[in-house]
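Spelled out, the chains give:
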Amino acid sequence: MKTVKGHRSQERDVRFMRRALELAEKGCGMVSPNPMVGAVVVKGGRVVGEGYHQRCGGAHAEVEALKSAGAEARGATLYVTMEPCCFQGRTPACTEALLRAGVRRVVVAMIDPNPRVRGHGVKCLRQQGVTVDVGLLADEARRLNDAYVTFMEEHRPFVMLKLATTLDGMIATGSGESQWITGEKARGEGQRLRLRVDAILVGVNTIIKDNPLLTCRINKRKRLLRVVMDSDLRLPVNSRIFTAPDPVLIFTASASETRRRRLERAGAEVVRVRQERKGRLLWQDVLAELYRREVLSVLIEGGATVVSSALESGIVDKAYFFLAPKVLGPGKSFSAGMRPRSLNGALVLKDVRYTIFGDDILTEGYVYRFS
């Protein structure tokens, strides 16, 4: 980023960019496969316009902010959390809107990793005489759009894992009882995690044992792709998952046409994938299919077989562990299917945050795997 003249000017820039990041997060769960973006228009040291990307197909943050600012945008500075787009997509190019509005300076948190934009938006504005500074609060902006960045740079969904465990690491009793290990406040945060993602993924045993809907209850407009790992197509057609309008996608290794047609009549889509040597479905095929469907992020919620397989295969990017102050004794452990590890070879969470929800503690962090 270019050096900003004066300490006060720099502090002001940071303050306005933080506001843009706050605005961006308001689009959480509603803009995929686009990124969350916020924008603030400032003139004479005061905010004259604000906006954020509210839904996929709707106006981008820059356009919303310019509309809010009106004529005040001419000669103003625009703070935006991601590089303005420079091509006609679902909406017109934001660079054109900025040039028409007469914005004098643009402060960009991060370059858009989309190959169609990547640096071209900044270049376009600079060629037209607009001052562009890049990199202010870039880490925060990137973290906000982990899923979008991973999707664009690594060509796969961003994989999150959520678990509720007792102090002794159990996720259920020996008979499979798991409702409820954590309290109501922690479960509410789990719903907020569902709001952030495009898809939720569980194993078929979770459906058989708990019979969940797997929907986002805190936002009725949110549509989740419900993904079930079901090697042998054992999913009951009378499961509650088929009573909600959100789509159901089943991954299987079964070649049974009878079972496939039965589940498709119930409302599911069935996709056959390969198996690993242990007989588990191949994550590589699962993630490739989700990427093809423009699923930017997926939240794995269980059960033990799916969780241990995901951790063992190294596909998990970020984990959320809700720890309840309970001791269950012998039951089902999420790590039972993983190979024994030395301390030097353990899976470790980095950039860890701890949050208390009632009596439960949430530990969240990025999964780091020692080579």
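Our subject is the structure that appears above.
Read on for an overview of the structure. Since we're looking at a predicted model, the values are computed, not measured. (Residues numbered from 1 in each chain as written. Predicted model: local features only at pLDDT ≥ 70, side-chain atom pairs only at ≥ 80, totals over all residues. Heavy atoms only, no water.)

## Looking at the pairing of strand β13 (residues 318-323)
Line of reasoning, step 1. Among the six residues of β13, five are classified as buried, and the element is accordingly described as predominantly covered.
Line of reasoning, step 2. In this sheet, β13 lies alongside strand β6 (residues 158-165) in parallel orientation, the contact comprising six bridges. Bridge assignment links L163 to a residue of β13, and that residue is F321. (Buried < 20%, exposed > 50% of the residue type's maximum accessible area, 1.4 Å probe, protein only. Helix = DSSP H or I, 4+ residues; strand = E, 2+ residues; numbered from the N terminus. Pairing = 2+ DSSP bridges.)

## Comments concerning the pairing of strand β5 (residues 131-134)
As a general feature of sheets, a regular strand has side chains that alternate between the two faces.
Line of reasoning, step 1. Summarising the sheet, strand β4 (residues 105-108) and β5 pair through four bridges and their orientation is parallel. From the neighbouring strand, V108 faces β5, where its bridge partner is V134.
Line of reasoning, step 2. With helix α4 (residues 120-127) bridging β4 and the parallel β5, this β-α-β connection has right-handed handedness. (Right-handed = clockwise from strand over helix to strand, strands pointing away.)

## Some remarks on the packing of aromatic side chains
Line of reasoning, step 1. A complete count under the given rule lists four aromatic pairs for this structure.
Line of reasoning, step 2. Centroid distance F16 to Y79: 5.3 Å. Interplanar angle 50°. Geometry classified as tilted. Of this pair, F16 sits in helix α1 (residues 7-25) while Y79 is found in strand β3 (residues 77-80), placing the two residues 63 residues apart along the sequence. There is no split in this pair, since F16 and Y79 are both buried.
Line of reasoning, step 3. For the ring pair F151 and Y291, a centre distance of 4.6 Å and an interplane angle of 40° mean the geometry is tilted. Of this pair, F151 sits in helix α6 (residues 146-154) while Y291 sits in helix α10 (residues 283-292), and the two are 140 residues apart along the sequence. (Phe/Tyr/Trp six-rings, centres within 6.5 Å; stacked < 30°, edge-to-face > 60°.)

## Describing the sheet that holds strand β2 (residues 46-52)
Line of reasoning, step 1. Pairing in this open sheet of five strands is mixed, and the strands run β2-β1-β3-β4-β5 from one edge to the other. Strands at the two margins of the open sheet, each flanked by one partner only, are β2 and β5. Pairwise comparison of adjacent strand axes, ignoring direction, gives a mean angle of 15° for this sheet.
Line of reasoning, step 2. Running at roughly 150° to β5, α4 makes contact with β4 and β5 of the sheet. (Axes fitted to C-alpha atoms, helices over the stretch in contact; angles between N-to-C directions. Contact = heavy atoms within 4.5 Å.)

## Some thoughts on the pattern of salt bridges
Line of reasoning, step 1. Under the counting rule described, the total for this entry stands at 22 salt bridges.
Line of reasoning, step 2. Here K43 ties to E72 by a salt bridge, and the two come within 3.9 Å at their closest N and O atoms. Here K43 is found in strand β1 (residues 38-43), whereas its partner E72 is found in the loop between α2 (61-69) and β3, with 29 residues between them in sequence.
Line of reasoning, step 3. For E72, a relative accessible area of 31% puts it in the partly exposed group.
Line of reasoning, step 4. The shortest N-O distance in the salt bridge between R293 and E289 comes to 2.7 Å. (Salt bridge = Lys/Arg side-chain N within 4 Å of Asp/Glu carboxyl O.)

## A few points about the state of the cysteines
Line of reasoning, step 1. Counted according to the given criterion, the structure contains zero disulfides.
Line of reasoning, step 2. Here C85 is not disulfide-linked; the sulfur of C94 is the nearest cysteine sulfur, at 3.7 Å.
Line of reasoning, step 3. Taking relative accessible area as the criterion, C85 reaches 9% and is therefore assigned buried.
Line of reasoning, step 4. The cysteine C124 is free of any disulfide, with C86 supplying the nearest cysteine sulfur at 6.5 Å. (Disulfide = S-S within 2.5 Å.)

## Quick word on unusual backbone geometry
Line of reasoning, step 1. A cis amide bond links S32 with the next residue in sequence, P33, at an omega value of 10°.
Line of reasoning, step 2. Inspection of the secondary structure assignment puts P33 in the loop between α1 and β1.
Line of reasoning, step 3. Residue G303 is reached from G302 by a cis peptide bond, and omega for that bond is 0°.
Line of reasoning, step 4. Mapped onto the elements of the fold, G303 is located in the loop between β12 (297-302) and α11 (304-313).

## Let's talk about a nonpolar patch on the surface
Line of reasoning, step 1. Residues L167, L323, V327, V352, Y354, I356 and I361 make up a contiguous nonpolar surface patch of roughly 700 Å² in combined accessible area.
Line of reasoning, step 2. Along the chain, V327 turns up in the loop between β13 and β14 (331-333). (Patch = residues over 30% accessible without salt bridge, like charges linked within 9 Å, V, L, I, M, F, W, Y side chains within 5 Å. Areas by Shrake-Rupley, 256 points an atom, 1.4 Å probe, with all protein chains shown as cover.)

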